[in-house]
Amino acid sequence: MNEIKFQTYSWSYGTTSFRVSELKYKIERQLIRLKELRNIYPDKNWKDLQEIYFEMLLEEGLAKETSKNKAKDARQKTSPLVDLGLVDNERQLTEIGKKLYKINYDKNYNFNNLFFLRNDAFLYFKQLLKINFNKNKRAYKNFNINPFLSLIYLLIKFDSISKKVFMYALSLCQNFNDILDLEKFLKQNKNFNIYEYLENKIKEKNNYEKALKFFLENDKNLKTFEIVLMDRKSKKNSQIFLELFNELKTFNNSKDKFTKLKEIVNKFDSSKLKPEFRKRLCLNSFEKFKKLKLDNLKDEELFYFFHTSKWKVNLEDYYDLNKRFIELSEVIIFDNENIYLDELVKLYFEDELNNEKDYNKLLSGVLKFDENYFFNKIKDKYKIAKDENLRQYIKNIKLQNKKRIFDKLVNKYFSNDNLITLFEKIKKREDKYISSYVDWDANIPTIFEYLIGIVFYKISKTIDLDFLNMSLNASMLPIRFASGNKADIVFNFDEMDMIIEVTLTTDENQRRMELEPVIRHIGRHNFQKKAFGVFIAPYLDPNVLVIFRAYKNLNFYDINDYSKVIKGLEILPLSIDEIIYILKQNIDLNDFLDIKNSCISDKENDGVKWYKSVVKGKFNANQ
């Protein structure tokens, strides 16, 4: 019985206790705060600083005041930085951490590397290539695997793998032999049943073999279930599984059985176990339940029935975490159901990572990227002339691929009808729907800004993707806010640029937070090139409207040279209703500019009256 203990069966980056949106942004904010902490307390032990650092996390909005264990929270929230080699166990910045800190603190971003990745992403890419799960980590004593390298290997062999393979199969691989077995399995099975696959993997585990033997040989009571379920943190679910077992042993398709099973499953505290068993037992529909065939289940079948569901739920939990870490590299493209490798990275590794020998070589050594080798590969693949600028050619490949991915994304998920639905949900702040619409790692304000960018991308039919002033991952989905001191969205046209500012702020906050930066961004841009502004929010503060409209007749001065002045700024305020009208009417850029010009040139100077009668009138006339 002592040998029936839980053993780690899958790898995962970081910790499920620090599973947050905008992981990259929050890691980098923590680097800045840890640097501040260590400037104040250079020699103090991390153990003595944990609660102090927790207060810094509160200031950043990265922790909650209701925390019951502040020191533990501080440890958990910094653990991803340790895993990535950005800080050491004492939370002192490593040399790599210092480099990343400087890049982000100075906002010194560039693409001066082999794969034309942004320099912070290239740093994450190299760090992920170093992370191995092996006996050096207590929980992974039976592992010897580099997950990132293994993923690259599979994506070279198959061009793409499914989300299902990544989630339920790759994460169970403990060494490269497992990867080779998985490769063989995928060649023979284009599709597979998740539960059957997980059951076969469970049968390979010695502790589960012993648990099954114990289960079959002993009474089916609470103590037995506490032992064979091998729950690490709590045994409170054992009673529920026991009740579920007893009901399934006498399974039938009656309404009473449906009701009873539903009552038992609803007892699960876990937000994942409850929907898992509701779905697997068809408890969301009595019509489907009536067709369920679970008669005469043997004890062994129910043992695997429970454990496969537990594994499935855990692996889904880890997927979310692993995806966010891997996306830091910006070389893996997650297209909801399929996963791809960046074309340039694939080209580099396709002859360097072909077999176990190559894998072990990369695993054991320090990876040094050979520029000449890569340039020769580029020349051979794309038949480039000798006098061609290779760096510019690589940059063009990257930009073309980004546009192809972005256009595919827009066509697949962001039709006008889908955008209208999303904006209506944003207007009502149905955040759960928005967050789950696609597999993105961003908060609602970031998503709102991104969606507005897509609307005007479609209107303008631009070929340039530089209009969004936010970081996008390899899948071309948003991962953070616009950089400070810059407009949210900028479209460059021949005669006049369009500056778009987006916010979800309401009431007095809108005037306090948005008024000055919006005017400043539009005004300063006009010193470089003539531009008009578009301000978009679900709610438009009346005093904001008054001041924006007044600037049509006001001067904007260069604060460093009062002789430089812009005579009047054009700012068009729009609510979500006007954006929805634009989408419903399929308004193109020329139509939009005509409406804008008509609104701006109107004689009404009172901002509130002007917006209500003129702007809303122009954009809602045909609704």
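The rules behind each value
Residue positions are given per chain, counting from 1 as you read along its sequence in written order. Residues qualify for local features only when their pLDDT is at least 70, as the model is predicted, and side-chain atom pairs are given and counted only at 80 or more; totals for whole chains, interfaces and linings, by contrast, use all residues. Calculation of side-chain values draws on the structure's entire complement of heavy atoms; hydrogens and water are dropped beforehand. We count a salt bridge whenever a side-chain nitrogen from Lys or Arg sits within 4 Å of a carboxyl oxygen from Asp or Glu. Only DSSP runs of H or I with at least four residues qualify as helices, and only runs of E with at least two residues qualify as strands; both kinds are numbered from the N terminus onward. Working definition: with a 1.4 Å probe on protein chains only, accessible area under 20% of the residue-type maximum means buried, over 50% means exposed, and in between means partly exposed. Only strands that DSSP links by at least two bridges are regarded as paired with each other. In this description, a line fitted to the C-alpha atoms serves as the axis of each element, helices being fitted only across the stretch in contact, and the angle between N-to-C directions of two axes falls anywhere from 0 to 180 degrees.

A.B. asks: Hey, could you go over the pattern of salt bridges for me, with residue numbers and the actual values?
C.D. replies: Counting across every chain of the model gives 43 salt bridges. In this structure, Asp-159 engages Lys-346 in a salt bridge whose closest nitrogen and oxygen atoms are separated by 2.2 Å. Residue Asp-159 is located in the loop between helix H6 (147-158) and strand S1 (160-162), and its partner Lys-346 is located in helix H17 (residues 343-349); the two are separated by 187 residues in the primary sequence. For Lys-346, a relative accessible area of 17% translates into the label buried. Arg-391 serves as the salt-bridge partner of Glu-371, at 2.6 Å between the closest nitrogen and oxygen. Of this pair, Glu-371 sits in helix H19 (residues 371-382) while Arg-391 is found in helix H20 (residues 390-413), placing the two residues 20 residues apart along the sequence.

A.B. asks: Outline the sheet that holds strand S5 (residues 497-502), listing residues and values.
C.D. replies: Reading across from one edge, S4-S5-S6-S9 is the order of the four strands in this open sheet, with mixed pairing throughout. Each edge of the open sheet carries a strand with a single partner, namely strand S4 (489-491) and strand S9 (571-574). Averaged over neighbouring strand pairs, the angle between their axes works out to 20° when direction is ignored. With six bridges joining them, S5 and strand S6 (residues 531-536) adopt parallel strand pairing. Within S6, the residue paired with Val-502 across the bridge is Ile-536.

A.B. asks: Explain the pairing of strand S7 (residues 555-558) to me, and be specific about the residues and the numbers.
C.D. replies: Only one face of S7 is buried: it carries Phe-556 and Asp-558, and the other face, with Asn-555 and Tyr-557, is open. Here four bridges tie S7 to strand S8 (residues 561-567), and the two strands are oriented antiparallel to one another. Its bridge partner lying in S8, Phe-556 is registered against Ile-566. Two successive antiparallel strands, S7 and S8, enclose a turn made up of two residues.

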